[in-house]
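Spelled out from the first residue to the last, the chains are:
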Amino acid sequence: QSLNRRQFLVLSASSAGAVLLSQCSRGQTQTVPKAPLSLPKLYTSKDGLLDLELEASYRQVNLDGKPTNLLSYNGQVPGPRLEAKPGDIVRIRFKNNLSDPTNIHYHGLHIPPTGNADDVFRRIDSGESALYEFSIPQQHPGGIAYYHPHLHGYVADQILGGLGGMFIVRGALDEIPEIQAAEQTFLFLKDFVVEQRQPMMGRMAGREGDLVTVNGQVNPSFSIPAGGLARLRLVNASNARFYRLALEKHPLYLIATDGHPLSTPVEIQELLLSPGERAEVLVQGDQEAGQYRLLNLPYSRGQMGMMGGGMMRRDRGGPGMMGRGRMGPGMMEGNDQDSPQTLATLAYTGQVEPQSIPQQLIEVETLPEPQTVRQFELDHGMVPGQGMVFLINGKSFDHQRIDTQVSLDTVEDWEVSNTGVMDHPFHLHTNPFQVIARNGQPVPYQAWKDTVLIPTGETVRIRIPFRDFPGKTVYHCHILDHEELGMMGTIEMKA
Ligand code: C2O
Ligand code: CU
Ligand code: CU
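Let us look at the structure shown here. (Residues numbered from 1 in each chain as written. Chains lettered and ligands numbered in written order. Predicted model: local features only at pLDDT ≥ 70, side-chain atom pairs only at ≥ 80, totals over all residues. Heavy atoms only, no water.)

So, the packing of aromatic side chains
To be explicit about the condition: Stacked, edge-to-face and tilted are the three classes for Phe, Tyr and Trp ring pairs, Trp counted by its six-membered ring, which pair at centre distances within 6.5 Å; planes under 30 degrees apart are stacked, over 60 edge-to-face, the rest tilted. Counting from the N terminus, the helices are DSSP H or I runs at least four residues long and the strands are E runs at least two residues long. Buried means the residue's accessible area, taken with a 1.4 Å probe over protein chains only, is under 20% of the maximum for its type, while exposed means over 50%, and partly exposed covers the values in between. Two conditions define a charge located above a ring, namely a distance within 6 Å from the ring centre to NZ of Lys or CZ of Arg, and an angle within 35 degrees of the ring normal.
For the coordinates displayed, the defined rule picks out 16 aromatic pairs. An angle of 15° between the planes, with centres 5.2 Å apart, marks the rings of F242 and Y299 as stacked. Here Y299 lies in the loop between β20 (291–296) and β21 (341–351) and F242 lies in the loop between β14 (229–236) and β15 (243–247), a separation of 57 residues in the sequence. A relative accessible area of 11% means that Y299 is categorised as buried. Ring centres of F376 and Y475 lie 5.3 Å apart, and the angle between their planes is 75°; on these two criteria the pair is classed as edge-to-face. Of this pair, F376 sits in strand β22 (residues 372–383) while Y475 sits in strand β32 (residues 471–477), and the two are 99 residues apart along the sequence. This pair shows no difference in class: F376 is buried, exactly as Y475 is. A cation sits over an aromatic face here: K190 above F192, 5.6 Å from the ring centre.

Here's what the structure looks like:
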């Protein structure tokens, strides 16, 4: 059922409209999975072309099995899964049926930041149609990208309202026999504001919704045969919520970070995904039948816990800008719930010959030493009459200013420091990078990333090859309210 914006707002504001959900999942402890995990509709390329119509509109969409007023792509939340191969042409005929302007960003795809490709400065007004067209790079090894709106001033509300979907590139990673044999599952993690009148967290902290979903469902179940391998393909599509993921009684084998495979699987006990980050993990199935919960463990985003009356996670600095007393108690508690949340449940059904974790994945290249090293400082401050602003190198976002100019065919190191009291996931468009060091310590393995968490008080050094695609784009904090409140800079790549 289609809605116009007025109906949407009226329904959203009324207790009968938005509060169709009788159950709040916050702090949920239910152990019984509700329904099998459903996957967003798939659009896949044929004969080298992925061609589809995509419409953004207000819709009533089933969320946790109940009709809810949301913003949708093609009437679905999450939006459809788009899938293409290296070298394919992608053609998206987009229609904006929202009352506000919007656009689409292809987060994690290495495509031009200009023209009909990935221009985040493009504005598609209400009622307008627009064509997106680009090709997937030939060398893409396969992985998950994330498409979502990116028009400054509208990004946070439109993503919080439901817009976003997975963009899957099928590449060399998918050809590895063990990976092919694995049962792949897509988990799009997103929270929604449904019961509460105000989002739990204010804009300054980054808004979190009260209903935490996987593919729009609360605690769905998915299964693999006992002895089999599960390949979990995860996207954190939340505005501000972090997911600290663990699967009961199972280690995870990390095989990809953001859109790119690792050289070899890395065994981990838990996986922290901040907004905008993606990851892929393998799970080795037991021989016996059983049911295990995928958990979101408690996590505190920086020192905000102190405002909620909790403990400071790190013992550094003074109270700073957001010291105790500025915020009412409880305002900033976020997902600082003290018990784990159940996101989904894995069950074993049937049996197969034991499958093994692959030894080798896709070689991650070693980048040459950088020609240029730059410093970036993430911080916040108060502007009288305006409240809190979020800054990069002391500046609030201005789309007309060029903050960083780089030359193509160079490699740069960026040292990004977080001197504020909140964690910030730092994201660079167009060009993926490798994390080189955290607080001066080299990282244990090489991996491509496009979003990296910079916790409060820490400095992360990333190495970025700028090879192709001249033009202007952005880097920003992927807590989308922080991006809207100024924590975004522009970069111009020049031949
Ligand atoms: Cu996913 Cu600039 O964003
Ligand atoms: Cu992006
Ligand atoms: Cu931030």
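What to know about the coordination of the copper ion (ligand 3)
Formally: With water omitted from the atoms examined, metal sites may look incomplete; donors here are N, O and S atoms no farther than 2.8 Å from the metal, or 3.2 Å in the case of Na, K and Ca.
At 2.0 to 2.1 Å from the copper ion (ligand 3) lie its protein donor atoms, namely H424 (ND1), C477 (SG) and H482 (ND1). Ordering the donors of the copper ion (ligand 3) by residue number gives the pattern H-x52-C-x4-H. You can call C477 buried: its relative accessible area is 2%. Judged by relative accessible area, H482 falls into the buried class, the value being 0%.

Structural notes on the coordination of the copper ion (ligand 2)
Surrounding the copper ion (ligand 2) are the protein donor atoms H105 (NE2) and H427 (NE2), at 1.9 Å. You can see H105 sitting in strand β7 (residues 105–107) and its partner H427 sitting in strand β26 (residues 424–428), a full 322 residues away along the chain. As far as burial versus exposure is concerned, H105 and H427 are alike and both buried.

Remarks on the nonpolar core
For clarity, the cut-off: Residue types Ala, Val, Leu, Ile, Met, Phe, Trp, Tyr and Cys, when buried and joined through side-chain atoms within 4.5 Å, form a set referred to as a nonpolar core. Every residue pair with non-hydrogen atoms within 4.5 Å of one another is taken to be in contact.
One finds L234 and L271 to be the most contacted residues of the largest nonpolar core, which totals 42 residues. Excluding anything up to four places from it in sequence, L234 contacts I144, L187, L189, L245, L271, L273, E277, R278, A279 and V281. Core analysis: the next-biggest nonpolar cluster, separate from the first, contains 32 residues, V416, F426, V435 and L485 among them.

Here's the deal with the sheet that holds β7
Quick note on the threshold: Strands are treated as partners if at least two bridges between them are detected by DSSP. Here the axes come from fitting lines to C-alpha atoms, over the contacting stretch only for helices, and the angles between their N-to-C directions go from 0 to 180 degrees.
Strand order in the open sheet made by the 5 strands is β2-β5-β10-β9-β7, with mixed pairing throughout. The two strands at the open ends of the sheet, each matched to only one other strand, are β2 (42–44) and β7. Direction aside, neighbouring strands of the sheet carry axes that sit 25° apart on average.

Section: the side chain of T185
As for its placement among the helices and strands, T185 is situated in strand β11 (residues 183–192). Apart from residues no more than four positions distant in its own chain, T185 is found in contact with L37, F222, R231, L232 and R233.

A short note on the environment of R91
Basically, it comes down to this: Pairing of N or O atoms within 3.5 Å defines a polar contact, subject to two protein rules: one partner must be a possible hydrogen donor and the other a possible acceptor, and residues neighboring in sequence count only if both atoms are side-chain atoms.
Topologically, R91 is positioned in strand β6 (residues 89–96). Separated by 44 residues in sequence, R91 and S135 place their C-alpha atoms 8.7 Å apart. Beyond its immediate chain neighbours, meaning those up to four positions away, R91 contacts L49, L50, D51, L52, L131, Y132 and E133. Polar side-chain contacts of R91 include one of 2.5 Å to the side chain of E133.

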